[in-house]
Amino acid sequence: MSKKHPVIAVTGSSGAGTSTVKRAFEHIFRLEDIKAAVIEGDSYHKFNRVEMREAMKQAAAEGRSLSHFGLNANLLDKLEALFHEYGETGNGQRRYYLHSPEEATHHNGRLGTNNQPGEFTPWESIESGTDVLFYEGLHGGVVAEDINLAQYVDLLVGVVPIVNLEWIQKIHRDNAERGYSAEAIVDTILRRMPDYVNYIAPQFSNTHINFQRVPTVDTSNPFITRDIPTLDESFVIIHTNRVFREKFQIDFRYLLDMIHDSFMSRHTTLVVPGGKMGFAMELILNPLIESLVAESKKLKA
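As the structure is a prediction and not an experimental result, all values here were calculated from the model. (Residues numbered from 1 in each chain as written. Predicted model: local features only at pLDDT ≥ 70, side-chain atom pairs only at ≥ 80, totals over all residues. Heavy atoms only, no water.)

K.L.:
So what exactly am I meant to see when it comes to the layout of surface pockets here?
P.N.:
The gaps of empty space that remain are located by a probe, the size of a water molecule, rolled over the atoms. Computed from the structure, the second largest pocket encloses a volume of approximately 150 Å³. Listing elements by their share of the lining of the second largest pocket, those giving two or more residues are α8 (252–258) and α9 (277–300). For the lining of the second largest pocket, the leading source of residues is α9, giving 5 residues. Looking at the lining of the second largest pocket residue by residue, the class counts come to 8 nonpolar, 2 polar and 1 charged. (1 Å grid on protein atoms, 1.4 Å probe; cavity = no way out; pocket = protein on both sides within 12 Å on 5 of 7 lines; lining within 4 Å. Points joined across faces, edges and corners; volume = space filled by probe spheres on them. Helix = DSSP H or I, 4+ residues; strand = E, 2+ residues; numbered from the N terminus. Nonpolar A, V, L, I, M, F, W, Y, C, P; charged D, E, K, R; others polar.)

Next up, the structure:
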């Protein structure tokens, strides 16, 4: 891990709520005047939208499974190289995946290109003078085969709703935003399951801290649930590993006093009402980020 150029990663599967955590980090960065190089996991997919469809068809014809959760559909060697290089020098290569016409217009204007939604921008160097690298995506803590991303991350955060809630969020999002049928979404869930088991879930043993949302309403059949449970209909389980607790001196008594209706379920695990998740994240993460950035600035001086 680097101290001079910190790497922060938020990792979780599609529909898990990593975007919510990303917003919490962005709020902290603004408050503390921290300049972050923001890296989206989608930009390290191997195939653009059209290529991925063709690759999945070919994989299906050959009896193979291919999904964005797996190693073969991503450029994780390049992502690992970025984490390593940024940690050593504060530099590295990145690109953007264009999700929408608005993003395409913005980056085409900036780069003088003519890329369409579903494609990637050309590779370019990260802007100079950043304080931290901040990654949000599927694979921030992957350790598998010849890939080890976790070794380069100074603060690794997992976002892990229970799997039924994760599926409910994905079904609703893909239906509302992308127009996918319920049948198509279920097929995607099934196709991705081997990669979820082999590459996504194991990351949460490598994380420094996990935020897991557990609904307090019936989600026993996620494929017929009409509504996504709200934060107020949930608890958030916050778990930290031993090395992390000792390194950053997490004060659970202070957190219990600050977060009303919170309690400890184990000596390593704090449970907070779902509506307090954002508040809890800022209480816990803000001093950690301050510490990482302050230490890096001392080393750069």
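Still more ground to cover, so stick around.
K.L.:
I tried to follow the pattern of salt bridges on my own but got confused; where do I start?
P.N.:
Under the counting rule described, the total for this entry stands at 4 salt bridges. Taking the shortest distance from any N to any O, the salt bridge between Glu54 and Lys57 comes out at 3.8 Å. With Glu54 and Lys57 both in helix α2 (residues 49–61) and 3 residues apart, the pair spans about one turn of that helix. Exposure remark for Glu54: the relative accessible area of 46% places this residue in the partly exposed category. (Salt bridge = Lys/Arg side-chain N within 4 Å of Asp/Glu carboxyl O. Buried < 20%, exposed > 50% of the residue type's maximum accessible area, 1.4 Å probe, protein only.)

K.L.:
I'm lost on empty space enclosed by the protein in this one. Help?
P.N.:
For the structure shown, the criterion picks out 2 cavities of 30 Å³ or more. Reported here for the largest cavity is a volume of approximately 40 Å³. For the largest cavity, the full set of lining residues is Phe69, Glu166, Trp167, Ile189, Arg192, Met193 and Tyr196. Residue assignment for the lining of the largest cavity shows that the elements contributing at least two residues are α5 (163–178) and α6 (182–200).

K.L.:
Would you explain the environment of Trp167 in this entry?
P.N.:
Position of Trp167 relative to the elements: it lies in helix α5. Using a relative accessible area of 18% as the deciding quantity, one classes Trp167 as buried. When the C-alpha atoms of Trp167 and Ala150 are compared, they prove to be 26 Å apart, with 17 residues separating the residues in sequence. Once you skip the residues sitting within four places of it in the chain, Trp167 turns out to touch Ile189, Met193, Pro222 and Phe223. (Contact = heavy atoms within 4.5 Å.)

K.L.:
Got a minute to help me understand unusual backbone geometry in this structure?
P.N.:
One can expect most non-glycine residues to show negative phi and most peptide bonds to be in trans. Unlike most non-glycine residues, Asp33 shows phi in positive territory, near 55 degrees. With a relative accessible area of 66%, Asp33 lands in the exposed category. Backbone geometry places Asp261, a non-glycine residue, at a positive phi of 70 degrees. Tracing the backbone shows Asp261 in the loop between α8 and β11 (263–266).

K.L.:
Sorry if this is basic, but what is going on with the nonpolar core here?
P.N.:
If you look at soluble globular proteins, the nonpolar side chains tend to sit buried side by side. Ranked by size, the top nonpolar core spans 36 residues in total, and within it Ile8, Phe25, Phe29, Leu155, Ile238, Leu285 and Ile289 carry the most contacts. Broken down by element, the residue count for this core peaks at 10 residues, all from α9. Among all residues touching Leu285, those that are not within four sequence positions of it are Phe25, Ile28, Leu155 and Val157. Counting residues in each nonpolar core, the second largest holds 23 residues, with Ile39, Leu71, Leu76 and Phe83 among its members. (Core = buried A, V, L, I, M, F, W, Y, C linked by side-chain atoms within 4.5 Å.)

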